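Summary of the model geometry
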Amino acid sequence: MSNAVFPSLPGIKWGSTRTPIWSTKVQTSASGRELRAGYWSHPRWKYSLSYEVLRANSLQELQQLVGFFNARQGMLDTFLYDDPDDNTVTAQQFGIVAAGVTQYQLARAYGGWVEPVIAPKANPVIKAGSTTLTPGTHYTLGNNGVVNLLGGASAGQSLTWTGGFYWRCRFLHDSADFEQFLYPLWSVKKIGFQTVK
């Protein structure tokens, strides 16, 4: 599981997509009635990016993207993606302190839907009520987004956090098509990846 961050490169084309994916089993009886079962508690997100121009000259944008893809060995390894449209929260509630409970999962809300954050960026601001908690003294933060309370919070207080996060992803395919259209200019019609749990 790599903590390498997907490279931020110029030349990205408008029309990139972000798709929520759910897993639902639908069983239809002879009468036409349906029985549905949902297997996941939150969606996976699928991204599709296109790059109109990747320069292979001294800027080495092509080499960065090809090298990143090859270092992951296609679908084999995961990486972190910094989605420019969904990567921060401000005063996001992620729990209410309960007596005897010390672990709380960071979360983020998007359009009223709340899901866990498993790859927070460094140095989030975590509060219990209006009190800012000190890392190492009041809490520790695991790299899977779980906050372990050590003290400084009382039962009934709301836990909130402010900070940034990444999406843990893997590529959708073991191959990627890079097309040279002028020397030393290349393009990628589509490079796809999705979040993992």
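Shown above is the structure to which this text applies.
Per-chain numbering applies: the sequence of each chain, read as written, is numbered from 1 onward. Residues qualify for local features only when their pLDDT is at least 70, as the model is predicted, and side-chain atom pairs are given and counted only at 80 or more; totals for whole chains, interfaces and linings, by contrast, use all residues. Here the side-chain values reflect all heavy atoms present in the structure, with hydrogen atoms and water set aside.

Another point: the overall build of the protein chain. Only runs of H or I of at least four residues qualify as helices and only runs of E of at least two qualify as strands under DSSP, and these elements are numbered from the N terminus. Check the secondary structure of the protein chain and you find one helix and 17 strands. Along the first, second and third principal axes, the C-alpha atoms of the protein chain reach 65 × 60 × 25 Å. Any residue under 20% of the maximum accessible area for its type is buried, any over 50% is exposed, and the rest in between are partly exposed; the area is computed with a 1.4 Å probe on protein chains only. Each of the 197 residues in the protein chain was classed as buried or not, and the buried ones make up 36%. Of the contacts made within the protein chain by residues no fewer than 6 positions apart, 71% connect residues no fewer than 24 positions apart. Summing over all exposed atoms, the protein chain offers an accessible surface of approximately 11300 Å²; the carbon and sulfur share of this is 52%. Only four residue types enter the charge count: Lys and Arg as positive, Asp and Glu as negative, with His and the chain ends excluded. The atom standing in for a charge is NZ when the residue is Lys, CZ when it is Arg, CG when it is Asp and CD when it is Glu. Charge centroids of the protein chain, computed over 17 positive and 12 negative side chains, lie 7 Å from each other. By the convention used here, residues are in contact when the closest approach between their heavy atoms is within 4.5 Å. All accessible-area figures derive from a Shrake-Rupley calculation using a 1.4 Å probe, and residue coverage is judged against the displayed protein chains alone.

What follows concerns the sheet that holds strand S13 (residues 146–149). Consider a sheet: its strands pair through backbone hydrogen bonds, and that pairing is either parallel or antiparallel. Pairing between strands requires that DSSP locate at least two bridges from one strand to the other. Spatially, S7-S13-S12 is the arrangement adopted by the three strands of the open sheet, whose pairing is antiparallel. Where the open sheet ends on each side, the last strands, each with one partner, are strand S7 (103–105) and strand S12 (139–141). Going across the sheet, the axis of each strand differs from the next one's by a mean of 25°, ignoring polarity. Sheet topology places S7 next to S13; three bridges connect them, and they run antiparallel. Between the N-to-C directions of two axes lies an angle of 0 to 180 degrees, each axis being a line fitted to C-alpha atoms and, for a helix, fitted only over the stretch in contact.

Time to look at the nonpolar core. Nonpolar core, defined: a set of buried Ala, Val, Leu, Ile, Met, Phe, Trp, Tyr and Cys residues in which side-chain atoms within 4.5 Å join the residues together. Judged by nonpolar contacts, the single largest core of 35 residues is most densely connected at Phe 6, Tyr 51, Phe 94 and Phe 193. Here this core takes five residues from strand S4 (residues 44–55), the largest share from any one element.

Moving on, we come to the sheet that holds strand S11 (residues 131–132). Spatial ordering of the open sheet is given by S6-S14-S10-S11, a layout of four strands whose pairing is antiparallel. Two strands close off the open sheet at either side, each with one partner strand: strand S6 (88–96) and S11. Here S6 pairs with strand S14 (residues 158–164) via six bridges, running antiparallel. Note that in S14 the partner of Thr 88 across the bridge is Gly 164.

Structurally, Glu 61 can be placed in helix H1 (residues 61–71). Spatially, the C-alpha atom of Glu 61 lies 9.7 Å from that of Leu 185, the residues being 124 residues apart in sequence. When sequence neighbours within four positions are dropped, the list of residues in contact with Glu 61 reads Leu 9, Pro 10, Val 53, Leu 54 and Arg 55.

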